[in-house]
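Analysis of the macromolecular model
The chain contents come next:
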Amino acid sequence: MTEQQTGGAERRIDNIEFHVADIARSKRFYAQVFGWQFTDYGPGYTEFDDGRLKGGFTTDGEVQASGGPLVIIYCSDLAAAERRVLEAGGSIVLPAFAFPGGRRFHFRDLDGYALAVWSDAG
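The rules we used
What you see as residue numbers is a count from 1 along each chain, following the sequence as written. Thresholds applied to this predicted model are a pLDDT of at least 70 for local features of residues and 80 or more for the giving and counting of side-chain atom pairs; totals over whole chains, interfaces and linings are not thresholded and use all residues. Working from all heavy atoms in the structure, the side-chain values ignore hydrogens and water. For each residue, the accessible area found with a 1.4 Å probe, counting protein chains only, is set against the maximum for its type, and the residue is called buried under 20%, exposed over 50%, and partly exposed in between. A run of H or I in DSSP counts as a helix once it spans at least four residues, and a run of E counts as a strand once it spans at least two, with each numbered from the N terminus. A pair of strands is considered paired only if DSSP assigns at least 2 bridges between the two. A pair is scored as a salt bridge if a Lys or Arg side-chain nitrogen falls within 4 Å of a carboxyl oxygen belonging to Asp or Glu. For helices, the axis comes from a line fit to the C-alpha atoms of the stretch in contact; other axes are also lines fit to C-alpha atoms, and the angle between any two N-to-C directions lies between 0 and 180 degrees. In what follows, a contact means two residues having at least one pair of non-hydrogen atoms within 4.5 Å.

To continue, consider the pairing of strand S4 (residues 54–58). The element S4 is largely enclosed, with a buried count of four among its five residues. Examined bridge by bridge, strand S3 (residues 45–49) and S4 share five bridges and lie antiparallel to one another. Looking at the pairing, Asp49 lines up with Lys54 of S4. Joining the antiparallel neighbours S3 and S4 is a turn of four residues, in which Gly51 adopts a positive phi near 100°.

Turning our eyes to something else, we now look at the pattern of salt bridges. For the structure on display, the rule yields three salt bridges. Residue Arg25 pairs with Asp111 through a salt bridge whose shortest N-O separation is 2.9 Å. Separated by 86 residues along the polypeptide, Arg25 in helix H1 (residues 23–34) and Asp111 in the loop between strand S7 (102–108) and strand S8 (114–119) bring together distant segments of the chain. A relative accessible area of 12% places Asp111 in the buried class. Two residues, Glu47 and Lys54, come together in a salt bridge whose shortest N-O distance is 4.0 Å.

What follows covers the sheet that holds strand S6 (residues 91–99). In any sheet, the strands associate via hydrogen bonds between backbone groups, in a parallel or an antiparallel arrangement. Taken together, four strands build an open sheet; the order of strands is S5-S8-S7-S6 and the sheet is mixed. The sheet is open, and its two edges are formed by strand S5 (71–74) and S6, each paired on a single side. Neighbour-to-neighbour, the strand axes of this sheet turn through a mean angle of 25°, independent of strand direction. Where S7 lies against S8, six bridges are found, and the strand directions are antiparallel. Pairing of Arg103 across the sheet is with Ser119, part of S8. Sheet contacts for helix H2 (residues 78–87): S6, S7 and S8; angle to S7, the most-contacted strand, approximately 5°.

This part covers the pairing of S3. Here strand S2 (residues 37–40) pairs with S3 via four bridges, running antiparallel. Considered in S3, the bridge of Asp40 is made with Thr46. Linkage of S2 to S3, two consecutive antiparallel strands, is achieved through a turn of four residues, within which Gly42 is found at a positive phi near 90°.

What follows is the structure, given as structure tokens:
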């Protein structure tokens, strides 16, 4: 397949998969916080779609929330994203801070995964 046939996806991150304890719980959290959409593929796997990148939640493996790459999500309104994380049961592990290019905060989801949210808005 050529890059044109794959929609320009050649050599780009195409999918991120999380091992989770409870798919329904993870779906509720990420739908509430970020508005992600889901497609279920049986009881042990659901695909998420954030509108740009797809990934999955699976119960086919052990939750290993520490280590690995940091997934960073963009939101134009950082304060609103932080409120939604807390309202959905997540926790803030690093409060919002400035870095070259914007501001961001780090949070833990319901399975203990650490992710970050950033914004280029002041």
